[in-house]
Amino acid sequence: KTHAEYAPVKRVDRELTADEWKTILDKAWRAGIPHITFTGGEATLRGDLPDLIAHAEGNGQVCGLLTDGLKLADREYFQTLLQTGLDHILFMLQPENERSWAALEVIMPQDIFVTVHLTLNEENFKTAEATLERLAQLEVQSISLTIADESLREAYEAVRNRAAELGL
C-alpha cells in the first residue's frame, strides 16, 4: 500500500515556510480559531513541526495531529511533540504494517487523547476483527471507521458492531 491511500500527498506546488505558517496561526488565533490540526500529506515529515506546535501552543491554541504515526515510534521525537504542546492525535492505522503497530505501542501509554482511524478495504476487512482485538489490547478508547468501497457496507456494519462490543 502507498501512503496516498491513507492521506493525500500532492495538493500544492510548494510548502509554506515556518514563518508563513506562524503568520497563519497568529491570524487564525486573532480571528477566534482556537483549534489547529496539523495534517498533510504527512505533517511529521516537516522538520519544523515541533516549532509550529510550540508556536500554536504559545498562542493558546489546542493542537492536534492527523498522521500515519510512523515517525511517532521514535520516542524522543514523540516526547518532543508532547512537550511542545500536542494535545490529540488522529492516527491513520495501516493494519498490515508492523511499523504502524509499533508506533501505536509507543503512543498509547502516553497522556494524550488518541483516535485510531481504520479504512476498511478488500484486503483488511477479512482481518478486521483481529485488528480490533489488537486495538483493544492496546487500550485504544476511540476509533474512526470508514470503507474504501460501498460494497463493503455490510462488512463495515459488522466491524462497527464488534468495535462497540470491545468498547472501542
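Parameters and conventions
Residues numbered from 1 in each chain as written. Predicted model: local features only at pLDDT ≥ 70, side-chain atom pairs only at ≥ 80, totals over all residues. Heavy atoms only, no water. Pairing = 2+ DSSP bridges. Helix = DSSP H or I, 4+ residues; strand = E, 2+ residues; numbered from the N terminus. Axes fitted to C-alpha atoms, helices over the stretch in contact; angles between N-to-C directions. Buried < 20%, exposed > 50% of the residue type's maximum accessible area, 1.4 Å probe, protein only. Right-handed = clockwise from strand over helix to strand, strands pointing away. Parallel < 35°, antiparallel > 145°, perpendicular 65-115°, else oblique. Left-handed = near helix turned anticlockwise from the far one by under 90°. Contact = heavy atoms within 4.5 Å. Nonpolar A, V, L, I, M, F, W, Y, C, P; charged D, E, K, R; others polar. Arc of directions from axis to C-beta. Polar contact = N/O pair within 3.5 Å; in protein donor to acceptor, adjacent residues only side chain to side chain.

**Some thoughts on the sheet that holds strand β4 (residues 113-120)**
Taken in spatial order, the 5 strands of this open sheet run β1-β2-β3-β4-β5, and their pairing is parallel. With partners counted over all chains shown, the strands left at the sheet margins are β1 (35-38) and β5 (142-147), one partner each. Ignoring which end each strand starts from, the neighbouring axes of this sheet average 20° apart. Relative to β4, strand β3 (residues 86-92) runs parallel, the two being bridged by 5 bridges.

**Considering the pairing of β4**
When you tally the buried positions in β4, you get 6 out of 8 residues, the bulk of the element. Inspection of the sheet shows β4 paired to β5 by 6 bridges, in the parallel sense. If you follow valine 116 over to β5, its bridge partner there is isoleucine 143. For the crossover that starts at β4, traverses helix α5 (residues 128-137) and ends in the parallel β5, the hand is right-handed.

**What to know about the packing of helix α4 (residues 98-107) against α5**
One can describe the packing of α4 onto α5 by two numbers: an axis separation of 11 Å at closest approach and a directional angle of 25°. Considering their axes alone, α4 and α5 lie roughly parallel with respect to each other. In this structure, α4 meets α5 at a crossing whose hand is right-handed. Residue-level inspection shows Glu98, Trp101, Leu104 and Glu105 of α4 in contact with α5, the latter providing Thr131, Arg134 and Leu135. Across the contact of α4 with α5, the residue classes tally to 3 nonpolar, 1 polar and 3 charged.

**Comments concerning helix α3 (residues 75-84)**
The set of residues buried in α3 consists of Tyr77, Phe78, Leu81 and Leu82. Projected down its long axis, α3 carries its buried residues within an arc of 140°, all on one side. Of the exposed residues in α3, those oriented more than 90 degrees away from the buried face are Arg75, Glu76 and Gln83. Turning to α3, the residues buried within the fold contact α2 (49-59), β2 (62-67), β3 and α4. Its side-chain oxygen at 3.1 Å from the backbone nitrogen of glutamate 76, aspartate 74 defines the N-terminal cap of α3.

Fair warning: the whole summary comes from geometry, so function is off the table for now.
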